[in-house]
Amino acid sequence: SEQLAPLKSGKVLTTSLYCQLNTIIPISKTVQALFIGSEDGFSMRALESHIFKYRSPTLMLLRGKVQHGFDKHKSGIFKKFPENELAMNIENSNEKTMVTLALYIKEPWKLSNDKIFGKGTCEVYELQPRIHRNSPVAGGAYFTTNGVGLGIGMESVPKVSKVDVSKSVKFGDIDVGSVIIDNSLEYAHYQRGVNEEMWLKLLEIEVLALGNSEERLAQEGRWAWEKREADRRKYVGDIA
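Residues numbered from 1 in each chain as written. Predicted model: local features only at pLDDT ≥ 70, side-chain atom pairs only at ≥ 80, totals over all residues. Heavy atoms only, no water.

Each neighbour pair has its own omega, and for Gln 128 with Pro 129 the value is 10°, a cis peptide bond. Its location among the elements puts Pro 129 in the loop between β4 (122–128) and β5 (132–134). Phi angles above zero are rare outside glycine, and Lys 53 is one such case at about 75°. With respect to the element layout, Lys 53 can be found in the loop between α3 (44–51) and β2 (58–66). By relative accessible area, which is 45% here, Lys 53 ends up partly exposed. You will see that Leu 185, though not glycine, has its phi angle at about 55°, which is positive. (Helix = DSSP H or I, 4+ residues; strand = E, 2+ residues; numbered from the N terminus. Buried < 20%, exposed > 50% of the residue type's maximum accessible area, 1.4 Å probe, protein only.)

Okay, the nonpolar core next. Leu 47, Ile 51, Met 60, Leu 62, Trp 109, Leu 150 and Ile 181 are the most contacted members of the largest nonpolar core, which has 35 residues in total. A total of six residues in this core trace back to one element, the largest contributor, which is strand β12 (residues 196–209). When sequence neighbours within four positions are dropped, the list of residues in contact with Leu 47 reads Phe 35, Met 60, Phe 143, Leu 150, Leu 185 and Val 207. Core analysis: the next-biggest nonpolar cluster, separate from the first, contains 16 residues, Leu 17, Ile 27, Leu 61 and Leu 127 among them. (Core = buried A, V, L, I, M, F, W, Y, C linked by side-chain atoms within 4.5 Å. Contact = heavy atoms within 4.5 Å.)

All right, on to the environment of Ser 75 then. Locating Ser 75 in the fold gives a position in the loop between β2 and β3 (98–105). Along the backbone, Ser 75 and Tyr 187 are 112 residues apart, and their C-alpha atoms lie at a distance of 8.0 Å.

Structure follows, in structure tokens:
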């Protein structure tokens, strides 16, 4: 049978998922993966090196297992996460329930320790276990180097104490459709509805480049030039 999914799309975007996703947002068969966590490393630095400077929209795919009774003290970021007594995990789920989310970012990724970017241009799609579109999400996106990871659909970047980051992260309102990932790329929170949330143990993260082939080639050219420059400077340093 014909291979429907793009050949260079990573591990999450299977043929069936590719077909599902195209019912919500058109995905070109020429799409390519910029980052695959299981191959490139689950770290903010690795993620930054692979997705920054790409100037076209991207799609971040998350796959994880539902965590019931999640202990927020496992993650310094989530220790002071807002409590919601009415919040529920996904209905009729267990610890083996798999969830797949797609986070659409129209603007290029960038560091945003103080202010969000892409407000009004981000979308969150739930692909598994149900197909659901949170569009448009209320807030924008952030990608930080101060220890609070990244997020989509937030009105502001979580505030961090200058004294102790691990104990003093303060979150604002958590809007429906928002996704927050800790700085170890290990746990994620998804606000599925007003009184419905999910905690996920992330098993895979991949970021797809959604621009046309010319834009991807231009990006590859920029990365190649940066590598040559880095190698040249290293060589100069070695003989100096």
